[in-house]
Structures are given as structure tokens and as C-alpha cells.
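# Tertiary structure, described
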Amino acid sequence: MTRPKSPTRTLTSILVEGGIVNESQVEQALARQRETGSLIGETLVELGFTSEENIGWALSKQLGIPYVDVRPEAIDVEQVRRVPEPVLRRIQAVPLFGSRSELTVAMADPTDQDAIQELRQIVGGALSLVIGSPGSLRRAIDSVYGAKKRAPMAETTHAHAGGDGTAEPPPRDVVWDRAGTNFLMFHLHTARKMGASEVHFTPIESGLSIHYRTDKGLEPQATERPEAAIYLRARLAVLGIFDLEGTSDLMSQGALAADVGPDRMVLHVSHCRAASGIATVIRLSPRPTQVPELNALGVSPIAEAEIRDMVEGPEGIVIVHGPPRSGGSIVLASLAALAAHAHRRMLAIEPSLVTPYPEQVTRLTFGKREDALATWADLVVGQGVDVAILDDVLHGDSIQEALCGASVGRLLFVRTDWLDGKALLRYLAGTRHGRAVFADRPFALLGLGNSRLEGARVWSGAEERAGGMSAIILTDEDRDKIQNGTSA
């Protein structure tokens, strides 16, 4: 993200220039400020000269800094506690979320250079600033450190109040940075806090509809302005996800790694052209640093032993997986770890670089599945590959082409788009190359349990989220029955 230039003007000069308040009102507010010790922006609101929303809007427009509705449930408590409570209350600032290299902080007055410098010294790193209203910042600080008693007048600065007498934040759209960085990180962070497995951005007539998929299903979030979709896709395009705008393509997809606070995540992104615009879905999953054993993923001990024997054989292996959120990539990494030996050449053809393969694996990425289908066989032969891993490449009819490849020996499939593994085998037996497909080839198909598909369970432990993994190991008897047209 390109950081906005450090503002050199004062808050009051910006408000006067924008027509939010006049010079006389500023003078009255300054006199009142000397009596109360409050910040000037809060004093202008207290005197009824303007609203928090107008101040935030003016600052955002004049400084090019995003204006964000700070919600207590969306903040990262660990990041907030990096800054002492008295400092946050004095300068009216709240850390929202951060990565290893940058911390995003909401401030009521981003023109306060002394406050910014103080924050930099405390956090010891780079700052990315957004604008938050004083009321929303107070509520966020209260949610972490507890409510602090304030003078009654300070609680009357909002037009709306809840039944318990506390101020309620007025509904508002969020003005986001055109680079889309804060917009994307805000929703990733909030979705992670809710244990969501997906974030849906759907254009509607009145704006951009947003839903998070949790264990309860799709939960609606605040509707954003229509242009927020443009900012989102722009940011994803910078990260490598092809935007459909200006093309005739129906969809585009990809995956990328991201740090959201302390969490390392994989984002599987899908854009789809719809009648109302371009819809985007981001699937979230943990990005493990260690590859789990197959038994931890729910494979039975007998099936694990047979699969281990298969992948340790001398011939090549073809591996493919289906829906990203099914967890197939983790299974591929486990299988690759089993197959890795010092004298074996291993090649993975994949849509992204997020699967934790062993270092021995040479990794090639493709932009479209059609590109991979057209070149994978030549790559495998030309590179002298002992083990070929085709990640999300083979679908439906194209599977038989893989099985007839000259360098392909032992065959193992993970979660193909054929949900019934035996139906897939019967189909392959009836193809033109059916005999070549089944000629003395060890064959296995793994399927993942449905418990990985929805909601917060994707964040559970490996054994809990696996829910058992089905395994079909093709025996000689099974092969004979399939080729003879009887049920296997």
C-alpha cells in the first residue's frame, strides 16, 4: 500500500477549508478546549458545530486517508495492548490489525505529528493510518480496557442512543483507500475473528453486499459502497488474481498466502461475472508450516500402509485434487513428503505456491487450467520426472489422458470432481484407452470428509476437522471386475 503523505495542515484549517466549520466556530471551540482539555475535533462536535462523520469525511477527502467505522469486534486485542491505555485515550487512536512489517492504526486526528511519532516509537515499526471517529475509538478502547467514566456532556455528542443510555454508532458507509489494502485486510481480519471460512462480495443495486460463511451459514455484514468492489479487485490484482473487468471471461481464480495478525492463511479467490457486476468469493484456510501425517488426516492404518507402499515405488505418480477448501492441498503435501527420496525427481504443476511441499519438489505455476492441460505431459517427459504432482489440473474426461501418459506409472487421485470414486473407475474402463488405463497399474483414490467444507471448523485441529478420509485402493480383483463390466 502506498502510504499517504504526512499531513502538514492542522485539523481546523482542513475543516475550515472544506466548509465544515467557520473561523468563528473554531475560535469558540479553542476557548472551550482550554477549559476542558478535550481534543479540538471532539470539542467542535460537543458544541454542535459539526458531526464526527463530517470531520472524518473532510479529513479523508483532504488527506487521502481512509475513513473507517471502527467496530470493537473487528479489532485485534493483542495489537491494541501493544500501546498503553493512557496513550490511546490521550491521542484518540486504536491499532486495528497488523502484519510482521506494518501496523494499521485508526486515529481521530491524523494531522497530529507528535502523536504519530509517539506511536512509531512505541510499536517500533511502520504505521498505516486510517481515520476513525472519536466515539467509535472510545468504544473500541473500552472493549479492551474497560469503560472509563467521563463527564455527562461527553456522552451527548451523538444523535442516537441505545436503551441503556450508551451512544450507538450511526450507520455509515466506509470510505476506503483506492488501493484496496485496508478494505481487504479489514474483512479478512473480521472474518477470521468470527471463525468464517468464506467472505462473499456480491454487487447489488444499492451497493456491495457482504456475507461471511460461519457454522451458522452466510451471515450478512454492513453493505459497502459500489466502488469498494473495484478497490477490492484492484488489490487482489496486485497480489496476482486476474481481474475480469474489461474482458469477456466468465471467471478467474487463484490462491495466495497472507498474514492476518498472527495467523498465516491461504486465500482462495474466485471472481465471477454476474448480471449485477463481478462477484468475488474469498475462501480462508490455515496455512500450516508443518505437513501432517496421513493418519492425522483420517486415513485408516491399512489404507495408509498401502498408500505408503505405492508412493515409495519407483514409477511416477499423478496426483490431483479438487475444491480448494476441501483441504486437498494438505493431503498432496503429505503424499509428496512420503514420495520424496534423494534420487527422485519431483515436479508439482499447481495454480499457486501455497502448498507446503518438501524442498525437493520443483514447482511450476499456471494461470489457467487449460494451459496446464496442454503442457503437463511434455513437461513431465521433458523434465525427466519420477514423481508428477498435478494440483487442480485434471477434471472429468481429461483424467484418461493422464493415465495414458508414457511416463506415468503408479496413480493416486485426491478429491477429483468425480465424487463417486468407483463410478470414475467404471467410466475410465469404458474409454477408448481403457485397457491402457488399467494395465497393471496400482491405483488409489482419496476423498475428504465434508466436515472441512463449512464455517469455523476449518480452524479446528487436524484430527477434528478431518472427519475421516475415504480411500479406494484398486486391487487386481477390482480391476478384473471393472474391466468385465461387473460391480467392483
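For the structure itself, consult the block above.
Structural notes, computed from the coordinates. (Residues numbered from 1 in each chain as written. Predicted model: local features only at pLDDT ≥ 70, side-chain atom pairs only at ≥ 80, totals over all residues. Heavy atoms only, no water.)

## Quick look at helix H7 (residues 113-123)
- Turning to H7, its buried residues number three or more, namely Ala 115, Ile 116, Leu 119 and Val 123. Buried positions in H7, seen along its axis, are confined to an arc of 100 degrees and lie on one side of it. Summarising the geometry of H7, the exposed residues directed more than 90 degrees from the buried face are Asp 114 and Gln 121.
- Considering only its buried residues, H7 is in contact with helix H6 (85-91), strand E1 (93-98), strand E2 (102-107) and strand E3 (126-131).
- The N-terminus of H7 is capped by Asp 112, whose side-chain oxygen sits 3.3 Å from the backbone nitrogen of Asp 114.
- Positive backbone phi, at 65 degrees, marks Gly 124, one or two positions downstream of H7. (Buried < 20%, exposed > 50% of the residue type's maximum accessible area, 1.4 Å probe, protein only. Helix = DSSP H or I, 4+ residues; strand = E, 2+ residues; numbered from the N terminus. Arc of directions from axis to C-beta. Contact = heavy atoms within 4.5 Å. Polar contact = N/O pair within 3.5 Å; in protein donor to acceptor, adjacent residues only side chain to side chain.)

## A word on the sheet that holds strand E8 (residues 263-274)
- Pairing in this open sheet of 6 strands is antiparallel, and the strands run E6-E5-E4-E9-E8-E7 from one edge to the other. The open sheet is flanked by strand E6 (217-220) and strand E7 (251-260), the only strands paired with a single partner. Each adjacent strand pair in this sheet contributes to an overall mean axis angle of 25 degrees, direction not counted.
- Pairing of strand E4 (residues 198-204) with strand E9 (residues 277-286) involves 4 bridges; the strand directions are antiparallel. (Pairing = 2+ DSSP bridges. Axes fitted to C-alpha atoms, helices over the stretch in contact; angles between N-to-C directions.)

## Notes on unusual backbone geometry
- Here Gln 92, not a glycine, exhibits a phi torsion of approximately 55 degrees, which is positive.
- Exposure remark for Gln 92: the relative accessible area of 8% places this residue in the buried category.
- A positive phi angle, near 60 degrees, is found at Asp 392, a position not held by glycine.
- Of the residues examined, Asp 392 reaches a relative accessible area of 11% and is grouped as buried.

## Observations concerning the pattern of salt bridges
- Overall, the coordinates contain 10 salt bridges when judged by the stated rule.
- A salt bridge links Arg 89 to Glu 85; its shortest N-O distance comes to 2.8 Å. Highlighted residues: Arg 89 and Glu 85, both in helix H6, separated by 4 residues, approximately one helical turn.
- Judged by its relative accessible area of 18%, Arg 89 is buried. (Salt bridge = Lys/Arg side-chain N within 4 Å of Asp/Glu carboxyl O.)

The values reported here are purely geometric and, on their own, carry no functional implication.
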